[in-house]
Amino acid sequence: MGNVVCFGSYVVDLTSRAGHLPVPGETVIGSSFKMGPGGKGSNQGVAAHRAGADVIMMTKVGKDVFGNMALDFYQSEGMNTDYVFVDDERETGTALIMVDENTAQNCILVVSGACGNVTDADIEKARPVIEKADVLLVQLEINIDAIYKVIDMAYNAGVKIVLNTAPVQKIDQSVFSKIDIVTPNEVEAGIITGVDVTDEASARKAAEVFMGWGVKSVVITMGKAGAFVMNAEKQAFIPSVKVDAIDTTGAGDAFNGGFVTALVEGKDIFEAAKFGNVTGALSVTRLGTAPAMPYRGEIDAMMQKVYR
């Protein structure tokens, strides 16, 4: 069993639910408010930890109430906090989330705060664990210069690198040649490759663009439809697991956490995508992001039902 270093964002999720999402200029009366731990990096780290992986979380928080909340949460989960850095100047990141309780759709505004200020000194402190990782899982919700440095560090040490391209932003195309597996959703894949991803055929075209840039394997998650998976040997479309969704926030994070857990346990990319599918499906049946991530027993039980 290997270990995962998850390098990414921590933000506090401030979530409101209402009968519909407001349009510009509209004020809507909501039905509930909840505050909890979030951020794409943190969510994925928690998902992998709960799914059974040995996870080292590398992120940065502010010297404030929300930062204390992060450390308390990781400790309550039994997660390593040695590489949760504290910024003396910037505040802990926040995500303002609105959820439509009828459709489960959401819109999110993220302010990175401290996790947009990961420094060279922070990365150097983490060098020993990055270089010894079996898998480095990274997203795009932190400062891009830090992402490049951590990817270079892992690449030079021969670490398997999984890049989740969310939230989508412009990145240097040369970086893709260092990536083992890229895991965009269909929208991100479309923006990055220029291929409008709407079905299996267009997902294949987008995957071919990524592989042309040097990525070894591609997993494009396509929401309710499932996931398109491709490596040098084969390709497959893995249908989604049908559940009653009540909150889709964090579904992609759950997928990625489950996916890398299966990878470090020695499963191939196609089996790992099935494990990720189930992890993501379970997460949308409950409210919130990190607190909604399922535990290994639940994932195994659903895997047996769905893929036996």
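Above this text you will find the structure in question.
Residues numbered from 1 in each chain as written. Predicted model: local features only at pLDDT ≥ 70, side-chain atom pairs only at ≥ 80, totals over all residues. Heavy atoms only, no water.

1. Observations regarding helix 5 (residues 186-193)
What sets the pattern is the α-helix's 3.6 residues per turn: residues three or four places apart point alike. What helix 5 keeps buried is the set Glu188, Ala189, Gly190, Ile192 and Thr193. Of the surrounding elements, those touching the buried residues of helix 5 are helix 6 (200-212) and strand 11 (217-221). Capping of helix 5 at its N-terminal end is provided by Asn185; its side-chain oxygen lies 3.1 Å from the backbone amide nitrogen of Val187. The positive-phi residue at the C-terminal boundary of helix 5 is Gly194, with phi of around 85 degrees. (Buried < 20%, exposed > 50% of the residue type's maximum accessible area, 1.4 Å probe, protein only. Helix = DSSP H or I, 4+ residues; strand = E, 2+ residues; numbered from the N terminus. Contact = heavy atoms within 4.5 Å. Polar contact = N/O pair within 3.5 Å; in protein donor to acceptor, adjacent residues only side chain to side chain.)

2. Examining the sheet that holds strand 8 (residues 135-138)
If you walk across this open sheet you meet the 9 strands as 5-4-1-8-9-10-11-12-13, and the pairing is mixed. Both edges of this open sheet fall to strand 5 (84-87) and strand 13 (235-239), since each of them pairs with a single strand only. The sheet contact formed by strand 11 and strand 12 (residues 226-230) spans 4 bridges and is antiparallel. Bridging across to strand 12, Val218 finds its partner in Met230. Helix-sheet contacts for helix 4 (residues 144-156) involve strand 1 (3-7), strand 8 and strand 9 (160-163), and the interaxial angle to strand 8 is about 165 degrees. This element, helix 6, spans strand 10 (181-182), strand 11, strand 12 and strand 13 of the sheet and lies at about 40 degrees to strand 12. (Pairing = 2+ DSSP bridges. Axes fitted to C-alpha atoms, helices over the stretch in contact; angles between N-to-C directions.)

3. Notes on the packing of helix 1 (residues 40-51) against helix 7 (residues 251-264)
Here helix 1 crosses helix 7 at 45 degrees, and the two axes come no closer than 7 Å. In terms of axis orientation, helix 1 runs oblique to helix 7. Crossing hand, helix 1 versus helix 7: right-handed. Note on element contacts: helix 7 touches helix 1 through Asp253, Ala254, Asn256, Gly257, Val260 and Thr261, opposite Lys40, Asn43, Gln44, Ala47, Ala48 and Ala51. A per-class count over the contact of helix 1 with helix 7 returns 5 nonpolar, 5 polar and 2 charged. (Parallel < 35°, antiparallel > 145°, perpendicular 65-115°, else oblique. Left-handed = near helix turned anticlockwise from the far one by under 90°. Nonpolar A, V, L, I, M, F, W, Y, C, P; charged D, E, K, R; others polar.)

4. Regarding unusual backbone geometry
That bond from Ala166 to Pro167 is cis: its omega, -15 degrees, falls within 30 degrees of zero. Relative to the elements of secondary structure, Pro167 occurs in the loop between strand 9 and strand 10.

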